[in-house]
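Observations on chain architecture
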There are 2 protein chains.
Amino acid sequence: MITIHFKNQGQSLYEEIYEFIKNEIRLGNLKFNEKLPSKRGLAAHLAVSVNTIDSAYGQLVAEGYVKAIPKKGFFVCQIDAYLHGDEPIAADVKPLKIKENKKIKIDFSPNAIERNLFPYDTFRKIFKSTFNEYDLNLLKKPPIQGDLDLRKSLVKLLYRSRGVTCFEDQIIIGAGTDNLLQILGLIWGRDKGFVFENPVYLKAYKIVENMGNKVIPIDIDKKGIRIEPLKNLSNIAIYVTPSHQFPLGISMPIDRRIKLLNFSNKDEATYIIEDDYDSEFRYNEKPLPSLQSIDKNGRVIYIGTFSKSIAPSIRISYMVLPEPLLKIYLEICDEISSPVSSLEQKMIAEFIASGHFEKHVNKMRKVYKEKRMFLMDTLNQLKEKIAVTGENAGHHLLVQLKTGMTEEDMCERALKLGVKVYPISTYFINGVPEKYESMVLLGYGSLAYEEIDEGISILKKAWGI
Amino acid sequence: MITIHFKNQGQSLYEEIYEFIKNEIRLGNLKFNEKLPSKRGLAAHLAVSVNTIDSAYGQLVAEGYVKAIPKKGFFVCQIDAYLHGDEPIAADVKPLKIKENKKIKIDFSPNAIERNLFPYDTFRKIFKSTFNEYDLNLLKKPPIQGDLDLRKSLVKLLYRSRGVTCFEDQIIIGAGTDNLLQILGLIWGRDKGFVFENPVYLKAYKIVENMGNKVIPIDIDKKGIRIEPLKNLSNIAIYVTPSHQFPLGISMPIDRRIKLLNFSNKDEATYIIEDDYDSEFRYNEKPLPSLQSIDKNGRVIYIGTFSKSIAPSIRISYMVLPEPLLKIYLEICDEISSPVSSLEQKMIAEFIASGHFEKHVNKMRKVYKEKRMFLMDTLNQLKEKIAVTGENAGHHLLVQLKTGMTEEDMCERALKLGVKVYPISTYFINGVPEKYESMVLLGYGSLAYEEIDEGISILKKAWGI
């Protein structure tokens, strides 16, 4: 008979009985096919209720330690010895290196935004109006392609702001550009290739390389991606950032755009992926038209995000698919789930539909334009020592030191004095060409005027100029 | 000289001038290298300010139609003819088929939840406390592995509720199970294989198949995945749902668990993926321990989501990586971005940390238990015509018709009368074995008692039982 000294420490009686018998079986003290005491018998022996024993035996049966044979009783199941080697050394796990060095006083990050002007109140109101018991779709799995209201809002927004013409059915909502490229990979198949402009937003390149597709980097010249090296390629999707090349900041002029569009029209399996990542922020009079808006052959896959226009914390992106690709998507989309939560899609849909998005972007365009002018003016005082490049757009510009210091030195010396600048080399696929040596990115999105001022003073010291 | 009849319809003067010259260049009326009028000359001719011409010329230069040569003037650039074939027939795009047939009166979906008891007020409070100007991280790109607070909350929750032992550094936050499998694919590489229990959550299978990894389906018997067919395999990750096999509802007993763990320990590149998708909802006394909690060799990759416990609209999932895989992840994670927005991660972190999550799950467990009992009681009246299977857990059970009607007929006849049931065949990788014929899933998560009652009455009619 089983004897248990109840400890009564947080566990219920049935749990103690269950644990005891489970351990006896694990230790081999109760052997295969051995019969357990009857429920009544054990209950009387331990002075507990039959219900308690019932619960304990029930759990043992559910977990498979014990088998109930009707009219015969409860028997121990056959359980192999659990083989194990050394205990895994989980404590050895090193935390993910935190990228933000705490000693950084001024961070010229090209990806940061101005946080003080975020429309908190608007979002609070939108949350209130969006999150309620009466929207029965709020708790449902979001539609695979994305929330219909969000896609409808985007159709109008993209037409007004970028000349993009599409139907809501052509839009796919994803969780960031990387995620959209993964979805595109499913549509595209692994047998077809991708071309990436070089230098490039390297995560996009890596995601595609990791999918196993053939990936071809093609250098850019002063007008953007070169057309000549494309000539012998077919069955490719060509990833470009024509509005504002990332990271070099070039805008692709109309002659190169037309050459690229004409090239993409040469066969039926060549497409252009237009990543229009920060097109909202162009500081001369008119934004450049998107490639999609001048494409009459349906060869452009248009991609955008809210990272710059709302916040990098919002992981929502959108992709406009040309018809042939959309057809493939609709065939395979059953195999995909939407990666973006419903509430968030609905909030952003309302932010756009209510006109607040465009209002916010217009406000921020002025803010960033002025910051950029301030940074340019500050840098212009150094123009004998440095060259400044990058179109009048976006959240960063490029500084090249004429005094011949290596890029690595430039970054390290700045960091020692508490200023972080971003090396151009990390955006090149196979090493930096000579003409881009000694070049770093200076982002100004999140910085105050005084910080820009102080940052440049420190860089002057760090670089000895 | 250029002559423009200004229309003044919504466009500014500079835009009209810009559009006019752009079109003249596109049409070939202004030819390569042709010199544009001087800014002053054109301004005088059109009786507008020089600033207006400056803006128009500026935009033409920015877009690459015109080149400014210092001290010489503005010249037309060389632009190829834009070749295009037939206009793309975007209007032909068919909308994504909407899966929810409007004629469905009662939907026995296995994925739906009880929406009336969702803690709206709690989430409103959490939004208020989470979304504010003082959290400087709220607008930043979320950490690649996921929000630290959320990972810390999960460490405690998973230990308390599932016996899972891990550090927050071992947890990766993803956007759904599919997304985590994509991340795992990057860690795992394409040269290694995946085993899937069959039948299975088919999206998981498809995602992995689409990644290009070798995928091996292995049938399950009454204890879960069979061990014998694994014997000759190595370098594999074995995807299982031991707590509550999806869709068959089997719980893997301890002897099979130990056999599986022992198998996974045979080499250093074999792992078990434990998808613990609805383990919160087990209706006998104690939940079954997770496989991860009894694994002493670090061979289990633990995966979970909030689809059932909070709502399917929340696209947040988590994965606990054993140390060797975590090391690979940390090497490649620079190539990934977090797919989940910061606000949402912070809200769920707070929902867990405040104890509301467990309170909610405890409440819902009772609700689903009673619904299940009600459905069981209703079905028991038909037990001569049908067999009911599935553990006392989750949000669905399985009904097999003894009268020999095909599964397709069962579904179609029910649908004609407005009741949707879910065929088991859609979960099998290569066709349904005979013993699972005439079987459908009945989910009860979202249904009221009266709906369950009415639904079963209709099914009786539809199936002639």
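Residues numbered from 1 in each chain as written. Chains lettered and ligands numbered in written order. Predicted model: local features only at pLDDT ≥ 70, side-chain atom pairs only at ≥ 80, totals over all residues. Heavy atoms only, no water.

Focus: the packing of aromatic side chains
All names here are of chain B.
- Scanning all chains against the criterion turns up 43 aromatic pairs over all chains.
- Pairing Phe-118 with Phe-123 gives two aromatic rings, centres 5.3 Å apart and planes at 20 degrees, and the pair type is stacked.
- Note on Phe-118: relative accessible area 7%, which makes it buried.
- Given a relative accessible area of 4%, Phe-123 falls into the buried group.
- Look at Phe-246 and Tyr-277: their rings are 5.5 Å apart centre to centre, the planes differ by 80 degrees, and that puts the pair in the edge-to-face class. One end of the pair, Phe-246, is in the loop between strand E8 (236-240) and helix H8 (254-264); the other, Tyr-277, is in the loop between strand E9 (271-275) and helix H9 (291-294), with 31 residues separating them in the sequence. Judged on exposure class, the residue Phe-246 and its partner Tyr-277 are both buried.
- When the ring centre of Trp-188 is taken as origin, the NZ or CZ atom of Lys-192, which lies over that ring, is 4.9 Å away.
- Its guanidinium or amino end placed over the ring of Tyr-271, Arg-299 lies 4.4 Å from that ring's centre, counting from NZ or CZ. (Phe/Tyr/Trp six-rings, centres within 6.5 Å; stacked < 30°, edge-to-face > 60°. Buried < 20%, exposed > 50% of the residue type's maximum accessible area, 1.4 Å probe, protein only. Helix = DSSP H or I, 4+ residues; strand = E, 2+ residues; numbered from the N terminus. Lys NZ or Arg CZ within 6 Å of the ring centre and 35° of its normal.)

Examining the environment of Lys-385 of chain A
Residue and element names in this part refer to chain A.
- Turning to its location among the elements, Lys-385 is positioned in the loop between helix H12 (356-380) and strand E12 (386-389).
- With 268 residues separating them in the primary sequence, Lys-385 and Leu-117 have C-alpha atoms 34 Å apart.
- Filtering out sequence-adjacent residues up to four positions away, Lys-385 remains in contact with Gln-400, Leu-401, Lys-402, Thr-403 and Ile-465. (Contact = heavy atoms within 4.5 Å.)

Quick look at the sheet that holds strand E16 (residues 439-443) of chain A
Residues and elements named next belong to chain A.
- Strand order in the open sheet made by the four strands is E12-E13-E16-E15, with antiparallel pairing throughout. Each of the sheet's edge strands pairs with one partner strand only, and the pair in question is E12 and strand E15 (422-423).
- The sheet contact formed by E12 and strand E13 (residues 396-401) spans four bridges and is antiparallel. By the bridge assignment for E13, Ile-386 is matched with Leu-401. (Pairing = 2+ DSSP bridges.)

What to know about the relation of the copies chain A and chain B
- By a simple turn and slide, chain A fits onto chain B: the slide is 0.0 Å along the axis, the RMSD is 0.1 Å, and the turn is 180 degrees. The transformation relating the two chain copies, once decomposed into turn and shift, fits a two-fold axis. Among all C-alpha atoms of chain A, that of Met-211 of chain A lies closest to the rotation axis, at 3.2 Å.
- A shared interface surface links the copies, since 99% of the contact residues of chain A are contact residues in chain B too. (Least-squares fit on C-alpha atoms with pLDDT ≥ 70 in both.)

A word on the domain arrangement of chain A
- We note that the domain assignment places domain 1 (13-83), domain 2 (106-112 + 359-463) and domain 3 (120-354) within chain A.
- For domain 1 of chain A and domain 3 of chain A, the distance between their C-alpha centres works out to 59 Å. (Domains from an automatic or database assignment.)

Overview of the environment of Lys-223 of chain B
All names here are of chain B.
- Along the chain, Lys-223 turns up in the loop between strand E6 (215-221) and strand E7 (224-225).
- For Lys-223, a relative accessible area of 29% corresponds to the partly exposed category.
- Residues Lys-223 and Pro-143, spaced 80 residues apart in sequence, show a C-alpha to C-alpha distance of 40 Å.
- Those residues in contact with Lys-223, other than ones at most four positions away along the chain, are Ile-250, Ser-251, Met-252, Pro-253, Asp-255 and Arg-256.
- Separated by 2.5 Å, the side chains of Lys-223 and Asp-255 make a polar contact. (Polar contact = N/O pair within 3.5 Å; in protein donor to acceptor, adjacent residues only side chain to side chain.)

Describing the pairing of E13 of chain A
Residue and element names in this part refer to chain A.
- In terms of burial, E13 is a largely internal element, six of the six residues being buried.
- Burial along E13 is two-sided: the face carrying His-396, Leu-398 and Gln-400 and the face carrying Leu-397, Val-399 and Leu-401 are both buried.
- What sits between the antiparallel neighbours E12 and E13 is a turn of six residues, in which Gly-390 has the positive phi angle 110 degrees.
- Here five bridges tie E13 to E16, and the two strands are oriented antiparallel to one another.

Overview of the sheet that holds strand E6 (residues 215-221) of chain A
All names here are of chain A.
- Read from one edge to the other, the open sheet built from eight strands follows the order E4-E11-E10-E9-E8-E5-E6-E7, with strand pairing classed as mixed. In this open sheet, the two edge strands, each paired with only one partner strand, are strand E4 (171-174) and strand E7 (224-225).
- Of the strands in this sheet, E4, strand E5 (193-198), strand E8 (236-240), strand E9 (271-275), strand E10 (300-305) and strand E11 (317-320) touch helix H6 (residues 177-188), which is tilted by about 35 degrees from E11.
- Of the strands in this sheet, E6, E7, E8, E9 and E10 are in contact with helix H8 (residues 254-264), which crosses E8 at around 160 degrees. (Axes fitted to C-alpha atoms, helices over the stretch in contact; angles between N-to-C directions.)

Observations concerning the interface of chain A and chain B
- Listed by partner, the interface residues are 107 residues for chain A and 107 residues for chain B.
- Where chain A abuts chain B, roughly 9600 Å² becomes buried across the two surfaces, and 55% of that area is made up of carbon and sulfur atoms.
- Across the contact surface, chain A and chain B share six salt bridges.
- At the boundary of chain A with chain B, the tally comes to 37 residue pairs in polar contact (both at pLDDT 80 or more).
- Of the residues assigned to the side of chain A that touches chain B, the class counts are 50 nonpolar, 23 polar and 34 charged. (Buried area = accessible area lost by both parts, 1.4 Å probe. Salt bridge = Lys/Arg side-chain N within 4 Å of Asp/Glu carboxyl O. Nonpolar A, V, L, I, M, F, W, Y, C, P; charged D, E, K, R; others polar.)

Comments concerning the pairing of E8 of chain A
All names here are of chain A.
- Of all the five residues making up E8, five are buried; the element is thus mostly covered by neighbouring parts of the structure.
- By the alternation rule, side chains of E8 split into Ile-236, Ile-238 and Val-240 and Ala-237 and Tyr-239, which are all buried.
- Pairing between E5 and E8: four bridges, direction parallel. When the bridges of E8 are listed, Gly-193 appears paired with Ile-236.
- Summarising the sheet, E8 and E9 pair through four bridges and their orientation is parallel. By the bridge assignment, Ile-238 is partnered in E9 with Ile-272.
- Considered for its hand, the β-α-β crossover made up of E8, H8 and E9 is right-handed. (Right-handed = clockwise from strand over helix to strand, strands pointing away.)

Things to note about the packing of helix H4 (residues 120-130) of chain A against helix H4 (residues 120-130) of chain B
- For the pair H4 of chain A and H4 of chain B, the least separation of the axes is 11 Å and the interaxial angle reads 175 degrees. Between H4 of chain A and H4 of chain B, the angle falls in the class roughly antiparallel. Residues Phe-123, Arg-124 and Phe-127 of chain A of H4 of chain A form the contact with H4 of chain B, whose participating residues are Phe-123, Arg-124 and Phe-127 of chain B.
- Class assignment for the residues of the contact of H4 of chain A with H4 of chain B results in four nonpolar, no polar and two charged. (Parallel < 35°, antiparallel > 145°, perpendicular 65-115°, else oblique.)

Describing the nonpolar core
- Counting 133 residues, the largest nonpolar core has Trp-463 of chain A together with Trp-463 of chain B as its most contacted members.
- For this core, the element with the most residues is helix H12 (residues 356-380) of chain B, which contributes seven residues.
- Non-local contacts of Trp-463 of chain B, meaning those with residues more than four positions away in its chain, are made with Val-399, Leu-401, Met-405, Met-410, Ala-414, Val-421 and Val-440 of chain B. (Core = buried A, V, L, I, M, F, W, Y, C linked by side-chain atoms within 4.5 Å.)

Focus: the pattern of salt bridges
- Using the criterion set out here, one finds 36 salt bridges over all chains in the structure.
- Between Glu-133 of chain B and Arg-124 of chain A there is a salt bridge whose closest N-O contact spans 2.8 Å. Taken together, the positions of Glu-133 of chain B in the loop between H4 and helix H5 (148-162) and Arg-124 of chain A in helix H4 put the pair across two chains.
- For Arg-124 of chain A, a relative accessible area of 25% puts it in the partly exposed group.

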